[in-house]
Structure formats: structure tokens, C-alpha cells
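One-letter residues, chain by chain:
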Amino acid sequence: MRNATDTSSIDLESLEYPDAVVFDLDYTLWPCWCDTHLSPPIKRGTSDLQVEDRSGYVLSLYRDVPEILKHLREKNVKILAASRTATPDVAKSILKTIKIDGEPVLNYFDALEWGQGTKINHFKKLNKKTKVDFNKMIFFDDERRNKDVERSLGVMFNLVDESYGVNWSEFKRAIKGYNERLKSGL
Ligand SMILES: [Mg+2]
């Protein structure tokens with residue numbers, strides 16, 4: 001786990017937001033590899049925020065994810081996904097089945113891109129679909145290898161710790177970092 005610095009003093013209201021936030025899925029929004037840990041069909045678990053697979057394996061989003069998605073929507077920030085999963089159908093069925101305030105998580109996303117190999121390709125497609133510039137996107141992902149999008153395209157990369165996924169502390173740190181980057185003119 002990374003050494004967590006205190007982010008409680010960061011006031012999000014005083015900061016500028018990117019035009020889009022892009023999320024990886026496995027170990028960024030939920031704690032599993034959906035192509036290996038889950039056996040379809042996927043059905044609702046004991047609450048709207050849970051799914052259960054054929055074997056009874058129960059999966060939820062990481063704790064802070066629902067509130068962060070709602071927050072981004074309130075801020076009119078586009079919500080995008082870039083996933084290398086080998087089973088987009090399973091991922092989509094999780095996103096359709098888990099509901100936040102009665103609405104499928106899938107509806108929160110403006111665009112999703114799939115496919116094996118470097119995520120540079122995912123981002124090029126997201127840019128085409130949404131018209132959001134790469135330097136107005138920030139990206140959360142638990143795998144360092146996907147930082148190639150920062151080097152190649154200029155998307156700001158934020159490494160996620162798989163033990164807690166995207167959480168408020170990491171989110172605040174990322175928005176603050178984005179503002180520092182804006183100030184530095186990069
Ligand atoms: Mg991942």
C-alpha cells in the first residue's frame with residue numbers, strides 16, 4: 001500500500017475538474033478479475049449494490065465508488081471506461097445489474113472501450129467518441145503498465161491501490177494534481 005498523505009484539507013469545491021474521468025474496471029471499481037473470478041449468469045445479490053454469480057460468489061463495487069460516480073455526474077464530468085477484460089459481456093452485465101439509487105451503473109458511463117493490449121487504443125477511441133482532449137482527461141487504473149497513456153497521449157494517470165480501489169482520498173489527490181498540472185501549463 002502506498003503511503004497515504006492526508007487529503008482531508010483538500011477542498012474539491014475550489015478546484016477545477018477535468019472534462020472526463022476514465023476508469024479501469026477490475027481492481028479499480030470492483031475487487032476481482034471479472035473474466036476469471038465470475039461465472040455467468042450474473043444476478044442481483046442481496047442488495048442493489050451487489051451481484052452474485054452462478055457459484056454464489058458475491059461482488060460489490062469498492063466502498064466509495066457509488067458516491068464518486070454520483071459526484072462526477074453532478075459536476076457534469078463525463079464518465080468513461082477503458083478495460084482490457086477478455087469478457088466485456090460479463091463486465092457489462094455487472095454494470096447493468098448493480099444499481100446506484102435505482103439506476104444501473106452502466107447508465108452513468110458516457111462511453112466504454114474494451115480490448116486486449118495497450119490502452120492507448122482505448123483512449124484514442126474515447127477521444128473520437130467524446131471529443132474530450134487527452135489533457136482534459138484523468139485516468140484511474142491499478143496497473144502501472146497502463147501508464148503508457150500518460151507518456152504517449154498526455155492523459156493524467158492515477159495509480160489505484162487494489163486493496164481499496166478508487167476512494168475519496170485518491171480522488172481528491174488526483175483532482176488536486178490535475179489542478180497543479182493546469183497551473184504548470186502542461
Ligand atoms: Mg485493473
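Scroll up to find the structure this text is about.
Residues numbered from 1 in each chain as written. Predicted model: local features only at pLDDT ≥ 70, side-chain atom pairs only at ≥ 80, totals over all residues. Heavy atoms only, no water.

(A) How the structure looks around the overall build of the protein chain. Secondary structure assignment for the protein chain yields five helices and ten strands. For the protein chain, the C-alpha radius of gyration of 16 Å lies close to 16 Å, the compact-globule estimate for 186 residues. The buried share of the protein chain, taken over its 186 residues, is 51%. Sequence separation of 24 or more characterises 67% of the internal contacts of the protein chain that already satisfy a separation of 6 or more. Accessible surface computed for the protein chain: about 9200 Å², of which carbon and sulfur atoms make up 47%. (Helix = DSSP H or I, 4+ residues; strand = E, 2+ residues; numbered from the N terminus. Rg over C-alpha atoms; globule rule 2.2 N^0.38 Å. Buried < 20%, exposed > 50% of the residue type's maximum accessible area, 1.4 Å probe, protein only. Contact = heavy atoms within 4.5 Å. Areas by Shrake-Rupley, 256 points an atom, 1.4 Å probe, with all protein chains shown as cover.)

(B) Seen up close, unusual backbone geometry. Backbone torsion omega between proline 40 and proline 41 reads 5 degrees, so that peptide bond is classified as cis. With respect to the helices and strands, proline 41 occurs in the loop between strand 1 (20-23) and strand 2 (43-44). Backbone geometry at tyrosine 27 places phi at a positive 65 degrees, although glycine is not the residue there. Tracing the chain through its elements places tyrosine 27 in the loop between strand 1 and strand 2. By relative accessible area, which is 14% here, tyrosine 27 ends up buried. Unusually for a residue other than glycine, asparagine 76 sits at a positive phi of about 60 degrees. By the secondary structure assignment, asparagine 76 is in the loop between helix 1 (65-74) and strand 5 (78-83).

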